[in-house]
Amino acid sequence: MGMRLTVDQFRQTALFLLDKVVETGCVDKALAAEIRAATLADDPEQVAIEAQRGRIEQLKKQCGKQGDCADCKQLLTVADYLVRKSVWAVGGDGWAYDIGYGGLDHVLASGKKVNVLVLDTEVYSNTGGQMSKSTPRAAVAKFAAAGKQAPKKDLGLLAMVYGSIYVAKVAMGANASQAVKAFAEAEAYTGPSLIIAYSHCINHGFNLTTGYEEQKKAVASGHWPLYRFDPRLKEQGKNPLQLDSKPPTIEFSEYAYNEDRYKSLKQSKPEVAAELMKLANRDAVERYVLMEQLAGLKCGQCQPGAAEPSPETKE
Amino acid sequence: MKRKMVTTDGNGAAAHSAHATNEVIAIYPITPSSPMGEIADAKTAKGEPNIWGTVPSVTEMQSEAGAAGAVHGALAAGALTTTFTASQGLLLMIPNMYKIAGELLPTVFHITARSLACHALSIFGDHSDVMTCRETGFGMLCSCSVQEVMDFALISQQATLASRVPFMHFFDGFRTSHEEQKVEELTFDDMRAMIDDELVAQHRARALTPDRPVMGGTAQNPDVYFQGRETCNPFYLATPKIVEETMDKFAGIVGRQYKLFDYVGAPDAEKVIIMMGSGAETAHETVDYLNAKGAKVGLIKVRLYRPFSTKHFMAVLPKTVKKIAVLDRTKEPGALGEPLYLDIRTAVGEAMADGIAPFDKYPVIVGGRYGLGSKEFTPAMVKAVYDNLDAAKPKRGFTVGIVDDVTNTSLNVDDLFQIPSEGMYRAMFYGLGSDGTVGANRNSIKIIGELTDNYAQAYFVYDSRKAGTITVSHLRFGKKQIQRPYLINQADFVACHNPSFLEKYDMLSSARKGGTFLLTSFHGADKVWDTLPQEVQKQMIAKKLKFYVIDAISLAQEIGLGGRINVIIQTAFFKISNIVPLDKAVVAIKDAIRKTYGKRGEKVIEMNNAAVDKAVSRVYEVKVPAKVTSKTKMPPVVPADAPEFVRTVTAELMAMRGDSVPVSKFPVDGRFPVGTTQYEKRNIAVNIPVWQPELCLQCGMCSLVCPHATIRIKDYDPKSLQGAPEAFKSIDAKGKEFKGMKFTVQVAPEDCTGCGACVQTCPGAERGPDKQPTGRKAINLEMQEPIRERERKNYAFFLSIPNTDAVLFKANTVKGSQLIQPLFEYSGACAGCGETAYVKLLTQLFGDRAYIGNATGCSSIYGGNLPTTPYTTRKDGRGPTWCNSLF
Ligand SMILES: Cc1ncc(C[n+]2csc(CCOP(=O)(O)OP(=O)(O)O)c2C)c(N)n1
Ligand code: SF4
Ligand code: SF4
């Protein structure tokens, strides 16, 4: 967040100085105008970015020539901020769902252009596999030796209710193009974005060679519905939520019992496991159905903004 | 009653006492304290009761702030409550700690003392975290060894109930929390005898309850806040005596006598070291040794650091003392000195002013730092501290254990100074992270601990990467309790679990003269000698080592154990070392196998048992020839054309020589150059993918899913093929945008982890005449070793081909994204990790303009852990800039 604030501030400073160096005659007016236009357009395409970098090179040359112009010297220190920057917060589910949730929520609600990537392993992987609020019901994790009782928290849904955050749930192994598209859209979106990425992990207890197959099953069971929630679609009168995966074709248990985190409870406490798995099966179906219902809402017909609270957006 | 001897580590010892004497436990994971929470949770899940017969509740919170909040609430409501934490976690508890102490709520926090994130994060041990909490009003009791951890966990529990002052019970992260020792286990009877139930009842009687309502935690104004703050004084004044009495009570019940300050050494010592934590054990051993040789030195182990009792301290300081060195395992930049040092100066000064000092000339007192971030602290360093006191002007604010060539604080250490190890057997195992070494060695010390009257100690050094890591196990056995919280540097037995280590690490430098070396090698007893690098042969001859080989890797594969060679090596160790008669050892190993693998089913047990039986007859002794015959030398750690920083610093760390890199070589603000994983060719894959162009759909899926950025694709101008190595493969590019171009899929053979994810995901299946898939795909796994050289050249050539022009493709497609250079490569994540491919994708799409703030987690570890880091740059020098961010 601090990085974003700095980048935005430097960009403003650079634009301000750009005007001054045109006034002092140090920099060519047409070049400055092009730079300003490109900066404001803020095109996320690579080609546009490289073109702007080319212009900044010229700008630096022109500024560099004027030996003792204070404004030129100033501008040289911030000129690179006229090129688009991409600010990312990256972390695991322990961070995003638990310990960092308060801060994460605040950043997302701020409307600032910060992209968030949550690498969701459904446990605290780095510290050895402890339960987080992302851990699904019925899974065994450290600190949940008896199996997790409560269902997984739906972080994406919580973020969606702001209405102004780009939210995507992805699983590369289940739908690679959806994942790539989500990254590109998230970054191009003018406000905050949140990508929740299914990440298989040694702590799940299976051979990771088939990690991406597991991702397919997680999606096929409804446990991990793929979607993209793009607030821009509202302007076109469309439902911002696009559901990118099909209704469940397998039971959650069929996916889960490939992995030791679920299997081990079945071995140590079969009855408890069966009971929890019944609930977990239901959780998966309910999660998908909820998304399906939300994605099916006809949004064009409601008054813009009436359905959701309207937090401040950047523009 | 005779107590059970058990083999446990510090965390196990603390959890044993803590779970038994509490009712509510609130936890949050942080290394190295997490195992205490895990053990407590597992005990509760199994229904194990505390000494009052109820099962404690164990609850994970959303952070340590939450855990401390829960503790505060539970204590206020009257339950006996505890928590476990360290480092950043302890910092998050501070606000609640003030409240808990302010309300005189009795509790013990068990802390594995750990460094704080400053210029860098470190999961390792020192006292920075606990020292930050000195002002909270918590008592501070420090354990030096695993046995003490179990004992002090109980002592502090009773002391807090008796004094109402809450306690931090701390011990050194990793060195004590993770050191396995054979210790005497306290029984529930001991605990019942120690804990005064009347005090428990009083605690409950003070509980907040609507049945007897009160107001706690009011807001106060300038008229009264100050007075209220002073009301607690009598409790702090009374605490040292209470702890002393509790220690005496413990001695009466259990037999081990502790004091608030324990003095060891000559009664008429002139030079005294004062310190706390595991380092005090090293100093203790050194003091005994030096005094036996005629020196007159002493040591004070500080047990109760807060509340600090000058009276008790003065009572143990010999009146002959002339010079004092105070050692702190923390750093307070800008202060006159570190905390313990300042306290000792104040204590001595006040004692002299009050006339209770046993001397009338103010002694020379200097302070110094040691052991930050688990830096080794050895007898030689203890000696250096005493030697410093002999100098005409002893250094103040010194460091010991590093070379500080910037502000010259460091003391010179005579590395040859060693304490002899008669009657002690020392073994080191260089294992591969995933081969089960640590588990097997844990079992070994249990076996030796149980079958013999030997004491045993085990400590494991991990490197920080998650895949293909090296793990060095340090095992000691002996008839006396082993008081050596430092690594072995002269081993009777050295085992190398992977022949490739011999090319990377100088492991025989830690073998003693006449010791034994066991090598895992594909070569038999007749051939193996010539495969060793010259440096290794030289040392073996010079040190007259006994040499054994075993082809554990082939044997494990033959039995179906894959890479898990642990039991094989373990058996070989027992056979060669003869610590326990072989037949007994075999029975015990099989017992351990049943316990360890029982959950995985009969088949796994059988395979491991077979491994034991076969290993016995597959260890061969090799006669060490008199002459060096090898033609190979240890290769340079990094190529000669690597950047200067990589050659002079990174390479040293990679070769496990980081300890000797001086201060001047390091960046002052913790900022390191990027793109260094490329210099670390880890060669950990057994099999790597090989491309079959005609089956390839050119979709880019393999590259997308690869967690390590070690399989890449390019579309390029056929002219670029000029000068290609003979074995370099290419095919006509598919797709109209790449018309007339060539296409290649290339693997980085030395960086690939062999996880197989790419092959599994590849949709390009070969179909037989019957249209059914044959099982072959457009990429297939093959043994790495025979094709390593060929593919290395191919990969180098591939990298030299210009990247596909960005105007030709759309970046937001699978293939397009993969035609862009990844700026995150060869990370140390687990082979097959599901997180890294997303991070890689991020760097492909936006890396040239990305800021990454990375919350602590796997992604910050594989992303930013030394020695080498995976974020890198494009040709023009642009790339992601990265910083770890706290939660
Ligand atoms: C305040 C604090 N508490 C605890 C820790 C220990 N810790 C390190 S990483 C981590 C979380 C890891 O889990 P997650 O965020 O899910 O990331 P993953 O490792 O799964 O990628 C924790 C709790 C810490 N670094 N700081
Ligand atoms: S697979 Fe390994 S590196 Fe990846 S998230 Fe899991 S523990 Fe971390
Ligand atoms: S085997 Fe694994 S590490 Fe190697 S190229 Fe394939 S996906 Fe990457």
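Residues numbered from 1 in each chain as written. Chains lettered and ligands numbered in written order. Predicted model: local features only at pLDDT ≥ 70, side-chain atom pairs only at ≥ 80, totals over all residues. Heavy atoms only, no water.

J.: Mind laying out the overall build of chain B, listing which residues take part and the relevant values?
T.: Per the secondary structure count, chain B includes 29 helices and 31 strands. Relative to the globule expectation of 29 Å for 887 residues, the C-alpha radius of gyration of chain B, 30 Å, shows essentially globular dimensions. Dimensions of chain B along its principal axes, counting C-alpha atoms only, are 95 × 70 × 60 Å. By the burial criterion, 58% of the 887 residues in chain B qualify as buried. Taking the intrachain contacts of chain B between residues at least 6 apart in sequence as the baseline, contacts between residues at least 24 apart amount to 77%. Summed over its atoms, the accessible surface of chain B is roughly 35,600 Å², and 54% of this surface lies on carbon and sulfur atoms. (Helix = DSSP H or I, 4+ residues; strand = E, 2+ residues; numbered from the N terminus. Rg over C-alpha atoms; globule rule 2.2 N^0.38 Å. Buried < 20%, exposed > 50% of the residue type's maximum accessible area, 1.4 Å probe, protein only. Contact = heavy atoms within 4.5 Å. Areas by Shrake-Rupley, 256 points an atom, 1.4 Å probe, with all protein chains shown as cover.)

J.: Describe the site of ligand 1, with residues and values.
T.: Gly-94 and Asn-126 of chain A together with Glu-64, Glu-835 and Cys-858 of chain B are the nearest of the 23 residues found near ligand 1. Those residues lying near ligand 1 are distributed over chains A and B. A distance of 2.7 Å separates a nitrogen atom of ligand 1 from a polar side-chain atom of Glu-64 of chain B. Bound to the protein, ligand 1 loses 97% of the 590 Å² it would expose on its own. Elements that contribute at least two residues to the shell around ligand 1 include exactly helix H5 (93–99) and strand S3 (123–124) of chain A together with helix H4 (87–102) of chain B. The dominant element in the shell around ligand 1, judged by the number of residues it contributes, is H5 of chain A, at 4 residues. Across the shell around ligand 1, the residue classes break down as 10 nonpolar, 10 polar and 3 charged. (Near = heavy atom within 4 Å. Polar contact = N/O pair within 3.5 Å; in protein donor to acceptor, adjacent residues only side chain to side chain. Nonpolar A, V, L, I, M, F, W, Y, C, P; charged D, E, K, R; others polar.)

J.: Residues and numbers for the sheet that holds strand S5 (residues 108–113) of chain B, please.
T.: Residue and element names in this part refer to chain B. As summarised here, the arrangement of the 7 strands in space is S3-S2-S4-S5-S7-S6-S12, forming an open sheet in which the pairing is mixed. Sheet topology places strand S3 (57–60) and strand S12 (304–306) at the edges, where each strand pairs with a single neighbour. Taking the axes of each pair of neighbouring strands and ignoring which way they run, one obtains an average angle of 20 degrees across the sheet. Bridging between strand S2 (residues 24–27) and strand S4 (residues 81–85) involves 2 bridges; their strand directions are parallel. (Pairing = 2+ DSSP bridges. Axes fitted to C-alpha atoms, helices over the stretch in contact; angles between N-to-C directions.)

J.: Can you break down the interface of chain A and chain B residue by residue, with the values?
T.: Each side of the interface is counted separately: chain A has 59 residues, and chain B has 62 residues. Where chain A abuts chain B, roughly 5,000 Å² becomes buried across the two surfaces, and 64% of that area is made up of carbon and sulfur atoms. Our count for the chain A to chain B interface comes out at 4 salt bridges. Glu-187 of chain A is paired through a salt bridge with Arg-849 of chain B; the nearest N and O atoms lie 4.0 Å apart. Our count for the contact surface shared by chain A and chain B stands at 26 residue pairs in polar contact (both at pLDDT 80 or more). Residue contributions to the side of chain A that touches chain B peak at 7 residues, all from helix H8 (residues 176–188) of chain A. (Buried area = accessible area lost by both parts, 1.4 Å probe. Salt bridge = Lys/Arg side-chain N within 4 Å of Asp/Glu carboxyl O.)

J.: For the domain arrangement of chain A, give the residues involved together with the corresponding values.
T.: All names here are of chain A. Taken domain by domain, chain A holds domain 1 (2–82) and domain 2 (88–295). Spacing between the C-alpha centres of domain 1 and domain 2 amounts to 41 Å. Each side of the interface is counted separately: domain 1 has 4 residues, and domain 2 has 5 residues. For the pair domain 1 and domain 2, the summed buried area comes to about 330 Å², and 72% of that belongs to carbon and sulfur atoms. Among the residues domain 1 hides against domain 2, the three largest losses belong to Arg-4, Leu-5 and Pro-44. Together they make up 89% of the total. Here domain 1 is connected to domain 2 by 0 salt bridges. Per-class residue counts for the side of domain 1 that touches domain 2 are 2 nonpolar, no polar and 2 charged. (Domains from an automatic or database assignment.)

J.: Summarise the nonpolar core; cite the residues concerned and give the values.
T.: Counting residues in each nonpolar core, the largest one holds 93 residues, and the members touching the most others are Met-168, Ile-274, Phe-313 and Leu-317 of chain B. Excluding residues that lie within four positions of it along the chain, Met-168 of chain B makes contacts with Leu-90, Met-97, Phe-109, Ile-111, Val-130, Cys-133, Phe-138, Gly-139, Met-140 and Leu-141 of chain B. Formed by 80 residues, the second largest nonpolar core is a distinct cluster that contains Ala-89, Val-90 and Ile-250 of chain A together with Cys-858 of chain B. (Core = buried A, V, L, I, M, F, W, Y, C linked by side-chain atoms within 4.5 Å.)

J.: With reference to specific residues and values, describe the packing of aromatic side chains.
T.: Evaluation of the coordinates by the stated rule reveals 34 aromatic pairs over all chains. Plain terms: the ring middles of Phe-493 of chain B and Phe-573 of chain B are 4.9 Å apart, the flat faces sit at 70 degrees to each other, and that makes the pair edge-to-face. Taken together, the residues Phe-493 of chain B in strand S19 (residues 491–496) and Phe-573 of chain B in helix H20 (residues 566–577) connect sequence positions 80 residues apart. As far as the burial class goes, Phe-493 of chain B and Phe-573 of chain B line up, both buried. An aromatic cluster of three or more residues is present, and its members are Tyr-425, Phe-429, Phe-493, Phe-573 and Phe-574 of chain B. In this structure, Lys-85 of chain A is placed above the aromatic ring of Tyr-81 of chain A, and the distance from its NZ or CZ to the ring centre is 5.5 Å. The aromatic ring of Tyr-455 of chain B is capped on one face by Lys-182 of chain B, whose charged end is 5.9 Å from the ring centroid. (Phe/Tyr/Trp six-rings, centres within 6.5 Å; stacked < 30°, edge-to-face > 60°. Lys NZ or Arg CZ within 6 Å of the ring centre and 35° of its normal.)

J.: An account of the packing of helix H11 (residues 279–292) of chain B against helix H14 (residues 379–390) of chain B is needed here, citing residue identities and associated values.
T.: Residues and elements named next belong to chain B. Running from N to C, H11 and H14 point in directions that differ by 70 degrees, and their axes come no closer than 9 Å. Between H11 and H14, the interaxial angle falls into the category roughly perpendicular. Our pair here, H11 against H14, has a crossing hand that is right-handed. Contact with H11, carried on its side by Thr-282, Ala-283, Glu-285, Thr-286, Val-287 and Leu-290, involves Pro-379, Val-382, Lys-383 and Tyr-386 of H14 and no other residues of that element. (Parallel < 35°, antiparallel > 145°, perpendicular 65-115°, else oblique. Left-handed = near helix turned anticlockwise from the far one by under 90°.)

J.: So, the side chain of Thr-471 of chain B: which residues are in play, and what are the values?
T.: Residues and elements named next belong to chain B. For Thr-471, the position within the fold is in strand S18 (residues 470–478). Relative accessible area serves as the criterion here: at 1%, Thr-471 is assigned to the buried category. Beyond its immediate chain neighbours, meaning those up to four positions away, Thr-471 contacts Phe-429, Tyr-430, Gly-431, Leu-432, Gly-433, Val-438, Val-461 and Tyr-462.

J.: Outline the pattern of salt bridges, listing residues and values.
T.: The full count for this structure, using the stated rule, is 73 salt bridges over all chains. Across the pair Arg-261 of chain A and Glu-122 of chain A runs a salt bridge whose closest N-O atoms are separated by 2.8 Å. On the criterion of sequence distance, the pair formed by Arg-261 of chain A in helix H12 (residues 260–268) and Glu-122 of chain A in the loop between strand S2 (115–120) and S3 is long-range, its members being 139 residues apart. When sorted by exposure, Arg-261 of chain A lands in the same class as Glu-122 of chain A, which is buried. Salt-bridge contacts for Asp-190 of chain B lead to Arg-3 of chain B; the nearest nitrogen and oxygen are separated by 2.6 Å. Of this pair, Asp-190 of chain B sits in helix H7 (residues 188–194) while Arg-3 of chain B sits in the segment before strand S1 (5–8), and the two are 187 residues apart along the sequence. Residue Asp-190 of chain B shares its accessibility class with Arg-3 of chain B, and that shared class is buried. What you see here is one network of salt bridges that share partners, running through Arg-11, Asp-42, Glu-50, Arg-53, Arg-84 and Glu-187 of chain A together with Asp-848, Arg-849, Arg-874, Asp-876 and Arg-878 of chain B.

J.: Give me unusual backbone geometry: which residues, what numbers.
T.: All names here are of chain B. Here the bond from Arg-306 into Pro-307 is cis, since omega is -10 degrees, no more than 30 degrees from zero. Looking at the secondary structure, you find Pro-307 in the loop between S12 and helix H12 (310–316). The amide bond that connects Leu-866 to the next residue, Pro-867, takes the cis arrangement and shows omega of 10 degrees. Relative to the assigned elements, Pro-867 resides in the loop between helix H29 (858–864) and strand S31 (881–885). Positive phi, normally seen in glycine, also occurs at Ser-374, with a value near 60 degrees.

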